[in-house]
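Descriptive analysis of the structure
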Amino acid sequence: MVAGDLVQEHLRADTGAPDDVTVGMKGPEPDGAAVRYGAATPGGAEEADPDLEPEKEVPPDEREAMLPNGGAGAAGGEEEALEEGAKKLETKLYLRRFAVLAVFSLYSLVNAFQWIQYSIITSVFTQYYGVSSSSVDWLSIVYMVAYVPLIFPATWLLDRKGLRLTALLGSGLNCAGAWIKCGSGSPELFGVTMTAQVICSVAQVFILGLPSRVASVWFGPREVSTACATAVLGNQLGTAIGFLLPPVLVPYTPDDIQLMGHNISIMFYGTAGISTGLFILTFIVIKDHPPLPPSQAQAVLTDSPPGDYSYTQSIFNLMKNKAFVLLLISYGIMTGSFYSVSTLLSQMIMACYEKQELNAGRIGLTLVVAGMVGSILCGLWLDHTKTYKMTTLAVYILSFLGMVVFTFTLNLDNIYLVFFTAGFLGFFMTGYLPLGFEFGVEITYPESEGTSSGLLNAFAQIFGIIFTLVQGKLTTDYNPLAGNLFLCAWIVLGVLLTALIKSELKRHNINMGIDSNHLQAVISLSASAPYKLSSKRTEL
């Protein structure tokens, strides 16, 4: 912890000022290429003086990360020696990071709105297009289906071509799908609106995996978790607006199909106009990375010598990481449950409360807005404490309790109670989403954030498809209670898997200046995406 003490004293988050942090770290030297986290010079990477290298230590656990100043109180003599021998890796925070975060969050918002805008007014679209409710459900399920096969080329593109191109693809496809929907304002054109929704679902492949990349590449160590939560917040806000606006813009008017079509067209054209403006802003604002890295974790990647980067090897490394595999499954269960509840919420409410389409949308809004508050609070908590596993496990358990309460109070003929229980469920279930992203980055560093986030989202989509289809079948054939109990059983499994995850905060250790002797890496830098690293874990 000596290095952690020293670096944390020097860490600054002052916007616009260089964030010079003293670091002196040196990794092991197995046969082959080894990465040395040492001094940076304009001409390249330089090794730290071995005589001044601190003794090898086991990386601290979460309890030590919670201590003030990273566990202050270590011997001052060793700190002085390390400080004298270390050189500076220059870091800097730029005001542009807030514009990048805002633009990304906004076009992610519109994409999420387009995901849920159909299912929350299922009765309207079944009446207008003359299709079954299951056909309308597929307008939401297609988002999950498209993600699974496309996530690997999307994350490869993010690693190879960088943040900017990936963001432009996500925003551009989202805009294109929104305009195609404008041509589906006729009862016989259900196929056109499905085609448009498929394009929007492809767009989200280039959106959902970016929050952790945007946060890591643009934000400092004291704000990275909050930035990730804010980026996820945009998607959640889009879902919230998707619950709220469609029932207001397109009321159920079965006696006037022409008016219904007019209202649907207004919603579609409004969405297309906003998507176009955001695509233009994406082109202007979003860049691959700032001129100088924002944190030591990013500076280490930037300062390391180039090598051969293998995307396939990176995937293989992640799948060998037992902690990450456990997180993949538990994240998939929780997020898939959220997708299923969101998609089927209107049907569950209508099964228990007749003629409550408007309140169904408001309950969905309550679910997501409460989750937005939970996301921000969890992000702030992680930035303050770095207790990733404990926080994730606590939120998972509380999500299970929320699901149980929601399940057994849904049919008590008290719509106001449903508002309360949905808010409690959403606070923890939706608040879990950024926790999984950030926890995944921590335990897989220095692998690409886009790759780990993409795999997490892929598992979320797989579980979301399965859960939505099974819960929808149980709800239709039996009742909402049967479908919700199905989800409760799976969430219990997720709690158990989360408890088994071994928490090793690799990125946090680098930011605090701790010698990460357990990392042996092969690094690749390019002009468009310089922060790429492939690693494998070795035993101490």
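As a starting point, this report considers the structure included with it. This is a predicted model, so every value here is computed, not measured. (Residues numbered from 1 in each chain as written. Predicted model: local features only at pLDDT ≥ 70, side-chain atom pairs only at ≥ 80, totals over all residues. Heavy atoms only, no water.)

**As for helix α20 (residues 480–499)**
Its 20 residues give α20 an end-to-end C-alpha distance of 29 Å, which sits within 8% of 28 Å, the value for a rise of 1.5 Å per residue. For α20, the set of buried residues is P480, G483, N484, F486, L487, C488, I491, G494, V495, L497 and T498. Contacts made by the buried residues of α20 are with α14 (322–352), α16 (388–409), α17 (415–429) and α19 (449–477). (Helix = DSSP H or I, 4+ residues; strand = E, 2+ residues; numbered from the N terminus. Expected span 1.5 Å × (residues − 1). Buried < 20%, exposed > 50% of the residue type's maximum accessible area, 1.4 Å probe, protein only. Contact = heavy atoms within 4.5 Å.)

**Quick notes on the pattern of salt bridges**
Applying the stated criterion across every chain, the model contains 3 salt bridges. Put simply, E223 and R97 hold a salt bridge, and the shortest N to O gap is 3.0 Å. With E223 in the loop between α9 (211–218) and α10 (224–249) and R97 in helix α4 (residues 96–116), this residue pair connects regions lying 126 residues apart in the sequence. Using a relative accessible area of 16% as the deciding quantity, one classes E223 as buried. For K473, the salt bridge goes to D477, with nearest N and O atoms at 3.3 Å. On the criterion of helical spacing, the pair formed by K473 and D477 is a turn pair, its members being 4 residues apart in helix α19. (Salt bridge = Lys/Arg side-chain N within 4 Å of Asp/Glu carboxyl O.)

**Side note on the nonpolar core**
Of all hydrophobic cores here, the largest spans 116 residues; its most connected members are Y107, F125 and I349. In terms of residue count, α14 provides more of this core than any other element does, 13 residues in total. Counting 5 residues, the second largest nonpolar core, distinct from the first, contains A297, A299, V300 and Y445. (Core = buried A, V, L, I, M, F, W, Y, C linked by side-chain atoms within 4.5 Å.)

**Let's talk about empty space enclosed by the protein**
What the rule picks out here adds up to 10 cavities of 30 Å³ or more. When its volume is computed, the largest cavity comes out at roughly 160 Å³. In terms of lining residues, the largest cavity is bounded by 18 residues, among which L208, V232, N235, Y339 and L433 are the most central. Where the lining of the largest cavity is concerned, the elements lending two or more residues are α4, α10, α14 and α18 (432–444). For the lining of the largest cavity, the element with the highest residue contribution is α10, accounting for 5 residues. Considered class by class, the residues forming the lining of the largest cavity number 12 nonpolar, 6 polar and no charged. The residue makeup of the lining of the largest cavity includes at least three contributed by each of domain 1 (94–303) and domain 2 (310–517). In this model, the second largest cavity occupies a volume close to 100 Å³. Forming the walls of the second largest cavity are N111, A112, W115, Y143, M144, Q204, L208, N235, Y339 and Q461. (1 Å grid on protein atoms, 1.4 Å probe; cavity = no way out; pocket = protein on both sides within 12 Å on 5 of 7 lines; lining within 4 Å. Points joined across faces, edges and corners; volume = space filled by probe spheres on them. Nonpolar A, V, L, I, M, F, W, Y, C, P; charged D, E, K, R; others polar. Domains from an automatic or database assignment.)

Shape is all these values report; function is a separate question.
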